[in-house]
Each structure stands twice: as C-alpha cells, then as structure tokens.
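Commentary on secondary and tertiary structure
So you can see what is in the structure, the chains are spelled out below.
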Amino acid sequence: MFFGLFRRKKKKEGSRKDAKDRLQAIVSGRRHSVPVREVISQEVVGTPDKDMLGQIKRYVAQRFKVEEENVRVQLEEHNGYVVIITNVVFH
Amino acid sequence: MAKIYVVTSGKGGVGKTTITANIGCALASFGEKVCLIDADVGLKNLDIAMGLENRVVHTILDVVNGKVSPKEALVRHKQFKELHLLAASQIATKEMLSPEDMKRITSELYNDFDFIIVDSPAGIERGFRNAIAPAERALVITTPELPAITDADRVIGLLDNAGIREENVRLIINRFKARMVKRGDMLTTDDIKENLAVDLMGIIPDSEDIIVSSNRGIPVILNGNKGRNSVGRVFENIASRLRGEMLSIDKDLETTPNKGFLELIKRIFGRN
C-alpha cells in the first residue's frame, strides 16, 4: 500500500474525444438547408385540415415503409410560408 | 452607412450581452460610430453591462409607440462619445415589438452610424426573430460545451432560413479554457469550427477580469485590461476584424492568462 503511493497514476483519457464524437453525431443529421424550389399557393392547397395531414401521414408511412402511428406531421409558419415537418420513427 | 450585426446564440448564459458591450466599446475606441440595440425586451441587461442603467430615459418601446424617435431614445456612453445604446424596456414583453418595428428603427439610424449591433435574447422565438430581422450579418456566440454548440448550430440554420447566409455569419467562442484543451478535456477551436462550418471571429478566454468588470459596470477594455496578455485585447482583435483587418485568430490565444510559476508564488503570498 505504501509503495502504491509512489506508483505513477495511469493517465485517464480526456473527455474531448467523447464530446467530439457526440457533437458530430448530433450536428451531422441536423442542419441542412432545403432549397425551396416550388411554392404551392394557398388557393391551390386550401386550408390545411385533418384530412390533408392524414394524407401526408399515409404517404410518408408508405414511402418509408413504417406504421402510420410512427409518423408525426406538424405544420409551422416560417416567413409567411407553411412548412410541413414530418418526424418518422423507424424503430 | 452602418453594418448591421446581430449577436445571438440560441442558448442563454453564454455571454452575448457582455460580448456586445465590449465589442461596442472596442469599436468606439477605434473611433467608429457605434449603436448598440438591446432586443431583449422584458429582461434588459445591456444597459447594466455598460454601466448606463441610471442614464436610460427612453426605451425601445417608447420608440415603437411613437413617443420619441430612435435618435432621441439613444443614451450616450460616458467615456466613448461615439458609442450609443438603445435600451430595452423591462415592463414589456417581446410580443410588443415586431420584426417590422426593428427594421424601421434600424433604418432610421442607418446613416448615422458605422456599426449597429443588436443584442438578441436567448431562444429562437419572437425575441430572436425581432433581433435578426434588420441584420445583414450575425455573430453567433458559443461556449465550448455541447449544449451551447448544438444550439449555435440550430441558430446558424435559422439565420440561413432568414436570409443571413453562412458567409455573413461568424462564430465567437467564449470562455475558452486552453488548459482544459491541453489536458484533452475540452473541444478545440478546430473541433467546433469543423462541426459548425462557420468561420471564427474570435476566441475569448475564460477570464475573471470579465466578471470583475461586469461587477463594476465598466467594460473590460476600460477596466485596466488593455495589456498585451489581457482579455481586453481579444475584444480589440474582434473589433479590428469587424473593421475588415486581416488579423489571425491565433492572436486571441496569445492573450490566454499565463498561470506559470511566478503566478503561483504570487497567489501563495496573496499578491494576486
């Protein structure tokens, strides 16, 4: 035990690597700019209603081969545009 | 004609207001005409950071309500005659101000200043949208910790959506601890830059001098921190870069306080 005091401590690996890996994982899938090439006017789309959200849900579920309850559709207004945000849970 | 910047971060408590105040002072010390706008309506702090809290007569809300013009609402700094503040109101909410109001206010000040810097509130809601509305360029503040960096990433995306392109966005890393980086316990500036894909405007070391100057209501460059190794030098470096000077980012790291043997001895004998 006495000699243990003089034993060189094993150098612990710093936490930078963990932080870097986690940051990469978080950031990689997050920020991506989606260029708006086509804007459909409100007259064509009409007022977003439950039926429209249901249609989007069905399409996304089919497209990604998941159950409909694993798809969440949200509408947000950004700078005068309505942006459709869909979250798909694969597992 | 002014260059209009917004200072933003997403996450709160990373130092936006302190940085805004100090960059404003540093720019004014170079003779630039500077107007700082506190867009943090409801929580106003910029007047306190600048030691001007007792001088505020009119606020941004008085301007919005048409009581006074933007120029009439400005408070001039005690030492720097070219530095002005448009203070926020504490008895108001962010909803009482609109992005259009901010655009109108800055357009009325546009020809009288070289720099207009808008201090954004934390978050990405109405206050943030108000603050970014008139800006052409942005300074995104982060600390070297994951929550702050990921929020900064989100904000950069939102700035892009709002029309402030990545080439007009610059990153400032605050509370950088060189010793932790050396030890392998903190992300390096390159790690952060690489992940956010935005160029750096400055690296501010973690410094007690900033807290001391904030306690006194004196911006750090005016609080005896103008030496070669002082943190005040970093704000001067940032101001130089904002003025278009090509100054290496490594210059900021040269100011990291030296904690060598002499400092240790001074601390032991209570001289520091």
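1. Focus on the overall build of chain A
A tally of helices and strands in chain A yields 3 helices and 2 strands. The order of helices and strands in chain A, counted from the N terminus, is α-α-α-β-β. The proportion of buried residues among the 91 residues of chain A is 2%. Long-range pairs, those at least 24 residues apart, make up 27% of the contacts in chain A with a sequence separation of at least 6.

2. Considering the interface of chain A and chain B
Listed by partner, the interface residues are 14 residues for chain A and 15 residues for chain B. Within the side of chain A that touches chain B, the residues separate by chemical class into 4 nonpolar, 5 polar and 5 charged.

3. Points about the confidence of the model for chain B
Residue and element names in this part refer to chain B. For chain B, the average pLDDT comes to 90, and 91% of its residues sit at 70 or higher. Per-element averaging of pLDDT across chain B places helix 13 (residues 261-268) at the bottom with 62 and strand 5 (residues 115-119) at the top with 98. The ipTM for the predicted assembly is 0.77, set against a pTM of 0.78.

4. Some points on the sheet that holds strand 3 (residues 75-76) of chain B
The strands that make up a sheet pair up through hydrogen bonds in the backbone, lying either parallel or antiparallel. Residue and element names in this part refer to chain B. Strand order in the open sheet formed by 8 strands is 3-4-2-5-1-6-7-8, with mixed pairing between adjacent strands. Of all strands in the sheet, those bounded by a partner on one side alone are strand 3 and strand 8 (199-205). Two strands pair when backbone bridges link them, and strand 7 (residues 169-176) and strand 8 are joined in this way by 5 bridges, in the parallel orientation. Across the sheet, residue F176 finds its bridge partner in strand 8, namely P205. Sitting on the sheet, helix 1 (residues 16-29) touches strand 1 (3-8), strand 2 (34-38), strand 4 (83-86), strand 5, strand 6 (137-142) and strand 7, and the angle it makes with strand 5 is about 170°.

5. Concerning helix 3 (residues 50-64) of chain A
With 15 residues, helix 3 of chain A should cover 21 Å at 1.5 Å per step; its first-to-last C-alpha distance of 21 Å lies within 8% of that length. Downstream of helix 3 of chain A by a residue or two, A:K65 has a phi angle that is positive, lying close to 55°.

6. Points about the packing of helix 1 of chain B against helix 11 (residues 232-242) of chain B
Two measures define how a pair of helices packs: the angle their axes make with one another and the distance between the axes. All names here are of chain B. Interaxial distance between helix 1 and helix 11 falls to 8 Å at its minimum, and their mutual angle equals 65°. In this view, helix 1 runs roughly perpendicular relative to helix 11, as classed from their interaxial angle. In terms of crossing hand, the pair formed by helix 1 and helix 11 is right-handed. Two secondary-structure elements touch here, helix 1 through N22, I23, A26 and L27 and helix 11 through F235, E236, I238, A239 and L242.

7. Section: unusual backbone geometry
Residues and elements named next belong to chain B. The phi torsion at R175 lies on the positive side, around 55°, for a residue other than glycine. Looking at the element boundaries, R175 is found in strand 7. Judged by the 19 C-beta atoms lying within 10 Å of it, R175 falls in the partly exposed class. Of note in this structure, A197 is not a glycine but carries a positive phi near 55°. Position of A197 among the secondary structure elements: in the loop between helix 9 (189-196) and strand 8.

Parameters and conventions
Residues numbered from 1 in each chain as written. Chains lettered and ligands numbered in written order. Predicted model: local features only at pLDDT ≥ 70, side-chain atom pairs only at ≥ 80, totals over all residues. Helix = DSSP H or I, 4+ residues; strand = E, 2+ residues; numbered from the N terminus. Buried ≥ 20, exposed ≤ 12 C-beta atoms within 10 Å, placed from the backbone. Contact = placed C-beta atoms within 7 Å. Nonpolar A, V, L, I, M, F, W, Y, C, P; charged D, E, K, R; others polar. pLDDT = per-residue confidence, 0-100. Pairing = 2+ DSSP bridges. Axes fitted to C-alpha atoms, helices over the stretch in contact; angles between N-to-C directions. Expected span 1.5 Å × (residues − 1). Parallel < 35°, antiparallel > 145°, perpendicular 65-115°, else oblique. Left-handed = near helix turned anticlockwise from the far one by under 90°.

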